[in-house]
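Architecture and fold: a report
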Amino acid sequence: DGALKMSIFEELVYQEALRRKMTIPEAKMLRAEEQFRKQFATPEEFNTLLQSEFQGSHRLLQEKIRRSLLIEQFLKTEVDDKSAISPAEVRAYYDQNPVRFQHPESFTLQTISVLPPANATADQLKEGRVRAEQALRQAKATKTDEEFGLLAEKISDDDYRVMMGQHKPIPVNQLAPQVVKALLAMHGGDVSDVIQVDQIFTIVRLQVHAPAGMTKFDDVKAQLQKELQQKKTNQLRTDLDEKLQHNAKIEEM
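Here goes a summary of the coordinates provided.

Each value, and the rule that gives it
- Once a new chain begins, its residue numbering starts again from 1 and follows that chain's sequence as written.
- Where local features are concerned, this predicted model is filtered to residues with pLDDT of at least 70; where side-chain atom pairs are given and counted, the filter is 80 or more; whole-chain, interface and lining totals use all residues.
- Side-chain numbers come from the whole structure's heavy atoms, not from hydrogens or water.
- With a 1 Å grid laid over protein atoms only, a set of points is called a cavity when a 1.4 Å probe fits there but cannot get out and a pocket when it is open yet has protein on both sides within 12 Å along at least five of seven lines; lining residues have an atom within 4 Å of a point.
- Grid points are joined across faces, edges and corners, and a volume is the space filled by probe spheres set on the points.
- Strands here are runs of E lasting at least two residues and helices are runs of H or I lasting at least four, both read from the DSSP assignment and numbered beginning at the N terminus.
- Basically, the charged four are Asp, Glu, Lys and Arg, the nonpolar ten are Ala, Val, Leu, Ile, Met, Phe, Trp, Tyr, Cys and Pro, and anything else, Gly included, counts as polar.
- Expected helix span is taken as 1.5 Å per residue step, with the number of steps being one fewer than the number of residues.
- Two axes define the bend at a residue: one fitted to the seven residues ending there, one fitted to the seven starting there, and the bend is the angle between them.
- Only protein chains enter the accessibility calculation, which uses a 1.4 Å probe. A residue is then buried if its area is under 20% of the maximum for its type, exposed if over 50%, and partly exposed in between.
- By definition in these notes, contact holds between two residues if any of their heavy atoms fall within 4.5 Å.
- Between any two strands, pairing holds if DSSP finds at least two bridges.
- Lines fitted to C-alpha atoms define the axes, with helix axes restricted to the stretch in contact, and inter-axis angles between N-to-C directions lie between 0 and 180 degrees.
- Geometric relationships in this document are graded by angle, where less than 35 degrees denotes roughly parallel, more than 145 denotes roughly antiparallel, 65 to 115 denotes roughly perpendicular, and other angles denote oblique.
- By convention, the crossing between two helices is left-handed when the near helix turns anticlockwise from the far helix through less than a right angle, and right-handed when the turn is clockwise.

Here the largest pocket is characterised by a volume of approximately 340 Å³. The wall of the largest pocket is formed by 16 residues, among which T111, H167, L175, V179 and T202 lie closest to the centre. Broken down by secondary-structure element, the contributors of at least two residues to the lining of the largest pocket are β2 (106–114) and β5 (200–210). Of the residues in the lining of the largest pocket, the class split is 10 nonpolar, five polar and one charged.

This is the structure in structure tokens:
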């Protein structure tokens with residue numbers, strides 16, 4: 001369905017470009033054809049496509065290229081050129097939507113975890129504690145994120161081991177209270193003692209403790225400009241599609 005809608009949209013754009021008597025300079029046509037030919041390793045490969053897709057007609061190929069260039073030129077004029085977002089617009093959006101850019105207190109960290117079996121017995125929990133204490137001695141000897149991460153890959157039971165124990169920033173309200181208590185007493189690069197959460201034994205390496213606050217404009221402006229421009233582009237394309245279809249007669253065969 002999406003492919004059909006795109007095909008209809010492009011055909012309507014092409015017809016509107018013809019109606020407006022838009023043209024493509026001959027030099028641009030030649031460059032486009034040259035680029036098209038470069039897709040093929042040999043002249044024979046190009047000729048094979050020419051025969052199979054264009055009945056061997058160079059004229060049909062040129063018409064296809066001209067059609068593509070007209071669609072591209074029309075969309076540039078009616079969508080791309082009109083979708084530009086100024087720095088002032090980006091700043092205004094940031095200032096008018098403060099809630100979006102607030103962030104809670106969070107911790108960025110790595111973990112090494114020992115996971116006893118589900119419904120572990122007292123002996124199994126004891127064994128898990130012993131394993132965790134052995135892991136702790138090795139973890140305390142690490143000096144960098146990479147060293148801790150390589151150890152996590154080797155001995156941790158949790159799923160984060162495949163990412164060197166690395167977690168994305170975690171809001172404080174998503175962490176167990178005993179983990180938060182330990183983290184609040186740590187500095188960046190510190191390794192905790194063994195922390196037991198239910199039946200899981202975890203060792204945490206703190207990387208960043210970010211207090212609650214507002215994300216700075218300079219930290220988001222590039223991504224925000226891209227986002228706003230994409231949103232405007234999508235809206236312009238939607239409006240253009242509706243406008244072109246309003247007076248069009250479309251038959252699906």
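Having seen the model, we can carry on.
Turn by turn, an α-helix covers 3.6 residues, leaving residues three or four places apart pointing in a common direction. Taking 1.5 Å as the rise per residue, helix α9 (residues 217–246) with 30 residues should run 44 Å; its terminal C-alpha atoms sit 41 Å apart, in good agreement. The sharpest bend along α9 reaches about 35° and sits at Q223. All buried positions along α9 are accounted for by F217, V220, L224, L228, T233, L240 and L244. Looking at the packing, one finds that the buried side of α9 touches α1 (2–19), α4 (58–80) and α5 (87–96).

What follows concerns the pairing of β5. Pairing of β2 with β5 involves nine bridges; the strand directions are antiparallel. Among the inter-strand pairings, L109 is bridged to a residue of β5, identified as L206. The pairing of strand β4 (residues 195–197) with β5 spans three bridges and is antiparallel. Of the residues in β5, the one forming a bridge with V197 is I200.

Turning our eyes to something else, we now look at unusual backbone geometry. Not every positive phi belongs to a glycine, and K21 is a case in point at roughly 60°. Here K21 is to be found in the loop between α1 and α2 (26–37). Notably, Q55 is not glycine yet its phi reads approximately 50°, a positive angle. One can find Q55 in the loop between α3 (43–54) and α4.

Turning next to the packing of helix α6 (residues 122–140) against helix α7 (residues 145–155). Two elements in contact, α6 and α7, have axes whose closest approach is 10 Å; the angle formed by their N-to-C orientations is 155°. It follows from the interaxial angle that α6 and α7 lie roughly antiparallel. You can see that α6 and α7 cross each other, and the crossing is right-handed. For the pair formed by α6 and α7, the contact residues are R131, A135, Q138 and A139 on the first element and F148, L151 and I155 on the second. The class makeup of the residues in the contact of α6 with α7 is five nonpolar, one polar and one charged.

Functional significance is not addressed by these values, which are geometric in nature.
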